[in-house]
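Structural description and commentary
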Amino acid sequence: MKAVILSCNTGGGHNAAAKALCEALTQSGHDAQVLDYLVLAGERVSKTVGDSYVELVKHTPKAFGAVYDLGMAVSTRVKRSPIYYINAAMAAPLRRWLTEHPVDVILMTHLYAAETLTWMKRHGESLPVTIPVATDYTCIPFWEETECTATVIPHETLLPLFAARGMKTDTLHPLGIPVSPAYLQALPKEAAREALGLPQKAKIYLIVGGSMGAGDLGRLTSALARMTGPDCLLYVVCGSNEDKMRRLAARFRHDERVLIHGQTNAMRQLLAACDIVYTKPGGLTSTEAVAARIPLVHTEPIPGCETENRSFFLAHGLSVSGRTTVAQARAGVALLQDPTALAAMRQAQASFLHVDAAFRIVRLAERLVEQAEQKG
């Protein structure tokens, strides 16, 4: 089976999910590649869209939340949104690429590509099997506009929500959010710490601002520094936010318990090495934490889908949080001191989410491609 996974650079989660699917497809013996879908219209287009998203989220998250709310309002009132018609413009370059690189299945980890393929399908174009994968624990605006072979959603409890928004239930498959197959293999804490050069006996608090270093990492780190003792280590990941990394490095330069880092390709090892993780409630990072069976504290969400992600995790005992940064810091410290609460969270993590989602999605793709071939 030949597959392409379409993503785009609006946050790291979409690309991480696409990479996870590619790994699972390859390990299952298929030919797969990840493609930045917007690059088909030119590198400048991809960079402009990605940079605009990142700048909006980093500097004016409330404005992003307002845009999300507006999108939700439009989504419930119109049959075809402006987003649908904007993404229709990508049909020509995508058509050219598919003509030159025919595939059996197209997977998508972003709405934009699903909108384009929906436009192509409605205009009579012949397409392979198409499978978008939702990467948040909610039905974001405009998913209901899409019309693909099947749609993967994160959990069966979300089926009524997607159906209420007008999506056909017989095309919805609650298989989970794909994380790297590496998470299916146990990684001992001692080995992870040795690989990262971290002390074996310290209690390690991992503080993550997502791929773009969002949130008030400085205030959270300061609060944890006050609440924890000399045997603790605070490992802060600022992602691509180099300005924030420099400012935090200067701010905590005299505290040997605080380590400030930028982008990392070692999140699996970091999650295995730490005792607890504080992270904004992105769909992918939160799912990775659950897959690693690590106590999880959700920090302030970027308004919109991350607000819904946090609500989902809290409702099912998968994380703890607080209304303020100090309350969030305190919630994690208290969690580590409560064996009963820790055991309950780990049990919920082990039983509630599908951490093998990537392979579940591969099996769905195999089945749908086989059905398509049988139909001729």
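The structure contained in this document is the topic of the report that follows.

Rules of the game
- What you see as residue numbers is a count from 1 along each chain, following the sequence as written.
- Selection of residues for local features in this predicted model requires a pLDDT of at least 70, selection of side-chain atom pairs for listing and counting requires 80 or more, and totals for whole chains, interfaces and linings are taken over all residues.
- Remark: hydrogens and water are excluded; side-chain values derive from all non-hydrogen atoms of the structure.
- Every helix listed is a DSSP run of H or I at least four residues long, and every strand listed is a run of E at least two residues long, numbered separately from the N terminus.
- Here, residues are in contact when the closest pair of their heavy atoms is within 4.5 Å.
- Per-residue accessibility takes into account occlusion by the displayed protein chains alone, with areas from the Shrake-Rupley method and a 1.4 Å probe.
- For the purposes of this section, nonpolar cores are sets of buried Ala, Val, Leu, Ile, Met, Phe, Trp, Tyr and Cys residues that join through side-chain atoms within 4.5 Å.
- For every residue, the accessible area (1.4 Å probe, protein chains only) is compared with the maximum for its type, and the residue is labelled buried under 20%, exposed over 50%, or partly exposed between those bounds.
- In short, DSSP must find at least two bridges between two strands for them to pair.
- The definition of a right-handed crossover adopted here requires that, viewed with the strands pointing away, the path from the first strand over the helix to the second runs clockwise.
- Any pair of N or O atoms that falls within 3.5 Å is considered a polar contact. Within protein, one atom must be able to donate a hydrogen and the other to accept it, and sequence-neighbouring residues count only if both atoms are side-chain atoms.
- Here an axis means a line fitted to C-alpha atoms, over the contact stretch when the element is a helix, while the angle between two N-to-C directions is reported on a 0 to 180 degree scale.
- Throughout this description, the term salt bridge denotes a Lys or Arg side-chain nitrogen within 4 Å of a carboxyl oxygen of Asp or Glu.

Turning to the overall build of the protein chain, a few remarks are in order. For the protein chain, the count of helices and strands is 16 helices and 11 strands. Sequence-distant contacts in the protein chain: of pairs separated by 6 or more residues, those separated by 24 or more amount to 69%. Counting only carbon and sulfur atoms, one obtains 53% of the accessible surface of the protein chain, whose full area is about 16600 Å².

Quick look at the nonpolar core now. The nonpolar side chains of a soluble globular protein tend to be buried with one another. Leu6, Trp143, Phe162, Leu206 and Val277 are the most contacted members of the largest nonpolar core, which totals 69 residues. In terms of nonpolar packing, the next biggest core, distinct from the first, is built from 24 residues, Ala3, Ile5, Cys22 and Ala24 among them.

Looking now at the pairing of strand β9 (residues 258–261). In this sheet, β9 lies alongside strand β8 (residues 232–237) in parallel orientation, the contact comprising 4 bridges. Of the residues in β9, the one forming a bridge with Val236 is Ile260. Each parallel crossover has a hand, and for β8 linked through helix α10 (residues 242–251) to β9 it is right-handed.

We now examine the side chain of His110. Along the chain, His110 turns up in the loop between β3 (105–108) and α6 (111–122). Owing to a relative accessible area of 9%, His110 belongs among the buried residues under this scheme. At 3.0 Å, the side chain of His110 and the backbone nitrogen of Tyr112 are in polar contact. Once you skip the residues sitting within four places of it in the chain, His110 turns out to touch Leu6, Cys8, Thr10 and His14.

Here we come to the sheet that holds strand β2 (residues 31–36). Two strands in a sheet stick together by hydrogen bonds in their backbones, pointing the same way (parallel) or opposite ways (antiparallel). Strand order in the open sheet made by the 4 strands is β2-β1-β3-β4, with parallel pairing throughout. Only two strands of the sheet have a single partner each, and these edge strands are β2 and β4 (129–132). For this sheet the average axis-to-axis angle between neighbouring strands, irrespective of direction, equals 20 degrees. Here strand β1 (residues 2–7) runs beside β3; their pairing, made up of 4 bridges, is parallel. Of the residues in β3, the one forming a bridge with Val4 is Ile106. Those strands touched by helix α1 (residues 12–27) are β1, β2 and β3, and its axis lies near 170 degrees from that of β1. Where helix α16 (residues 357–375) meets the sheet, it contacts β3 and β4, and its direction lies at approximately 155 degrees from that of β4.

The next thing to look at is the sheet that holds β8. Strand order in this open sheet of 5 strands is β9-β8-β7-β10-β11, and the pairing throughout is parallel. The strands lining the two open edges of the sheet, one partner per strand, are β9 and β11 (296–298). Across the sheet, the mean angle from the axis of one strand to that of its neighbour is 15 degrees, orientation sign disregarded.

A word on the pattern of salt bridges. Taken as a whole and assessed by the stated rule, the structure comprises 11 salt bridges. One salt bridge connects Glu125 with Arg95, and the closest N-O pair in it is separated by 2.6 Å. You can see Glu125 sitting in the loop between α6 and β4 and its partner Arg95 sitting in helix α5 (residues 91–100), a full 30 residues away along the chain. Note on Arg95: relative accessible area 33%, which makes it partly exposed. With its nearest N and O atoms 3.0 Å apart, the salt bridge here joins Glu147 to Arg122. Remark: Arg122 occurs in helix α6 and Glu147 occurs in the loop between β4 and β5 (151–153); sequence separation between them is 25 residues. Through salt bridges with shared partners, one network takes in Lys121, Arg122 and Glu147.

All quantities given are derived from atomic positions and should not be read as evidence of function.
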